[in-house]
Amino acid sequence: METTAPTEIPVSRLLESEARELKLTLLVGKAGLWRPIADPRIQKPGLALTGLDEVLHPSRVQVFGNTELSYLKTLSVAEQNKALQTFWETEVSCIVVTKGMSIPVSLRKGCAKARLPLFKTPLQSAQFIAQIQTFLEEALSATGSVHGVLLDIYGVGILLVGESGIGKSELALDLVSLGHRLVADDMVLLRRRREGSVYGHVSERLMHHIEIRGLGIINIKDLFGVSSVRPRKKIDLVIELKEWDNNAQFDRIGTEEKTRRLLDIELPNIALPVRTGRNLSTIIEVAARNHLLKLQGHHSAKEFVKNLRKRILAPKPPPPGILDSSDEEPIA
């Protein structure tokens, strides 16, 4: 598995299709679209406009809303140019004007001269800030890939891994036919979220498709309907399919807590032996249900072992027919 964590992205990413929800329109500063964005947090630069230059952070998106523009309108043109001078000298990423508000000439001309991208959006400031921070957190997060199959089973994201040819895709097809949802087959693309979770998705060219040896490539969405697929899913559990080996040691009770590291995040991992005659689809469904129980605080295997130990350590009653000294009848 390869892992990459981009330290920055160019401002031009804000104009790509993946960022269309931001509804950005570039006004001036096309030559500066190479400028880097290195921090997912945006800045509302009200204090910087009043002269506190040290609070202006480079490599961040600057959002001008009603507060900033209203303040600029109270200044003369010369005062506006002086207040904005720090933006031309500091390596900020870009400036975004929200709510489709009218833009002062000094701001537009200054951005054009400094080759600083200036955008506008019809979104309200709060809505835009929430959306662009979500976009930037994802764009700047660590990514990777793993060979396997990702499914949504009872709301649990299960990643099936194992040697090539062990039957991951056939098992996925069986689970989809039972009403579960396919996310990715063969190559699962990974992305780490800031809250400490890992999400899996599939490349656009492989989306909805699965390869079955002897049958070829099939389209799951066309065969089973739109409810049989989903574009991405948080990975909650990793199940590793392994060839059955009588000499290998597999967990027989279920108390072992093994994990698998994906993008530096530890995820629960189960080693599942594969053998002719085993109903793997049912076992996978039970694994998903059991994972949900664990999330609710019910660990069946640990509770079984705990109750068994209590019975073993409990004091044994006396054999039948033998009276305790306190039960003896008094001697007449």
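Attention here is on the structure that accompanies the text.

What counts, and at which threshold
- Residues numbered from 1 in each chain as written.
- Predicted model: local features only at pLDDT ≥ 70, side-chain atom pairs only at ≥ 80, totals over all residues.
- Heavy atoms only, no water.
- Helix = DSSP H or I, 4+ residues; strand = E, 2+ residues; numbered from the N terminus.
- Rg over C-alpha atoms; globule rule 2.2 N^0.38 Å.
- Buried < 20%, exposed > 50% of the residue type's maximum accessible area, 1.4 Å probe, protein only.
- Contact = heavy atoms within 4.5 Å.
- Pairing = 2+ DSSP bridges.
- Axes fitted to C-alpha atoms, helices over the stretch in contact; angles between N-to-C directions.
- Right-handed = clockwise from strand over helix to strand, strands pointing away.
- Salt bridge = Lys/Arg side-chain N within 4 Å of Asp/Glu carboxyl O.
- Patch = residues over 30% accessible without salt bridge, like charges linked within 9 Å, V, L, I, M, F, W, Y side chains within 5 Å.
- Areas by Shrake-Rupley, 256 points an atom, 1.4 Å probe, with all protein chains shown as cover.
- Core = buried A, V, L, I, M, F, W, Y, C linked by side-chain atoms within 4.5 Å.
- Parallel < 35°, antiparallel > 145°, perpendicular 65-115°, else oblique.
- Nonpolar A, V, L, I, M, F, W, Y, C, P; charged D, E, K, R; others polar.

The helix and strand inventory of the protein stands at 9 helices and 17 strands. A globule of 332 residues ought to have a C-alpha radius of gyration of about 20 Å, yet the protein, at 30 Å, is considerably larger. Oriented by its inertia axes, the alpha-carbon framework of the protein measures out at about 115 × 75 × 30 Å. By residue count, 42% of the 332 residues in the protein fall in the buried class. For the protein, contacts bridging at least 24 residues in sequence account for 70% of all contacts bridging at least 6.

Time to look at the sheet that holds strand β5 (residues 61-64). Strand pairing in a sheet is mediated by backbone hydrogen bonds. Such pairs are either parallel or antiparallel. With mixed pairing, 4 strands are arranged side by side in an open sheet as β3-β7-β6-β5. Across the chains shown, the open sheet's two edge strands, defined by having one partner strand only, are β3 (25-28) and β5. The average undirected angle you get between the axes of adjacent strands in this sheet is 30°. Across 3 bridges, the pairing between strand β6 (residues 94-97) and strand β7 (residues 118-120) is parallel. Its bridge partner being in β7, Val-96 is matched across the sheet by Phe-119. Across the sheet, helix α4 (residues 105-114) is in contact with β3, β5, β6 and β7; its angle to β3 comes to roughly 85°.

To continue, consider the pairing of β6. Side-chain alternation along β6 places Cys-94 and Val-96 on one buried face and Ile-95 and Val-97 on a second face that is also buried. Two elements, β5 and β6, share 4 bridges in a ladder whose sense is parallel. By the bridge assignment, Val-63 is partnered in β6 with Val-96. Tracing the backbone out of β6, into α4 and back to the parallel element β7 gives a crossover that is right-handed.

Turning to the pattern of salt bridges, a few remarks are in order. For the coordinates displayed, the defined rule picks out 13 salt bridges. Across the pair Arg-41 and Asp-39 runs a salt bridge, and its minimum N-O distance is 2.9 Å. Among the residues examined, Arg-41 registers a relative accessible area of 47% and is labelled partly exposed. Here Arg-230 and Asp-152 are joined by a salt bridge, their closest N and O atoms 2.8 Å apart. Of the two residues, Arg-230 is situated in the loop between α7 (220-224) and β14 (232-234) and Asp-152 in strand β8 (residues 143-153); the sequence distance between them amounts to 78 residues. Assessed through its relative accessible area of 7%, Asp-152 is described here as buried. Taken together, the salt bridges that share partners define one network made up of Glu-138, Arg-191, Arg-193 and Arg-232.

Below, the discussion takes up a nonpolar patch on the surface. Together, Phe-304, Leu-308, Ile-312 and Leu-313 make up a nonpolar patch on the protein surface, roughly 470 Å² of accessible area in all. Relative to the assigned elements, Leu-313 resides in helix α9 (residues 300-313).

With that settled, the discussion passes to unusual backbone geometry. Positive phi, close to 60°, is recorded for Lys-99, a residue that is not glycine. By secondary structure assignment, the location of Lys-99 is in the loop between β6 and α4.

As a further point, take the nonpolar core. Of all hydrophobic cores here, the largest spans 26 residues; its most connected members are Leu-151, Ile-158, Leu-160, Ile-239 and Ile-284. At the level of secondary structure, the elements contributing two or more residues to this core comprise β8, β9 (156-162), α6 (168-177), β12 (209-212), β15 (237-243), β17 (265-274) and α8 (280-295). Not counting residues up to four positions away in its chain, the partners in contact with Leu-160 are Gly-148, Val-149, Leu-151, Lys-168, Leu-171, Ile-239 and Ile-284. Counting 22 residues, the second-largest nonpolar core is a separate cluster that includes Leu-22, Val-61, Phe-128 and Ile-129.

Here we come to the environment of Ile-132. One can find Ile-132 in helix α5 (residues 125-139). Since its relative accessible area comes to 0%, Ile-132 is described here as buried. Along the primary structure Ile-132 and Arg-41 are separated by 91 residues, whereas in three dimensions their C-alpha atoms are 8.8 Å apart. With residues near it in sequence (within four places) discarded, Ile-132 still touches Leu-14, Leu-22, Ile-42 and Val-61.

In this section: the packing of α6 against α8. One way to put it is that α6 packs onto α8 with a least axis distance of 9 Å and a crossing angle of 70°. Classified by the interaxial angle, the pair formed by α6 and α8 is roughly perpendicular. Listed contacts from α8 to Leu-171, Asp-174 and Leu-175 of α6 are Leu-280, Ser-281, Ile-284 and Glu-285. Residues of the contact of α6 with α8, tallied by class, amount to 4 nonpolar, 1 polar and 2 charged.

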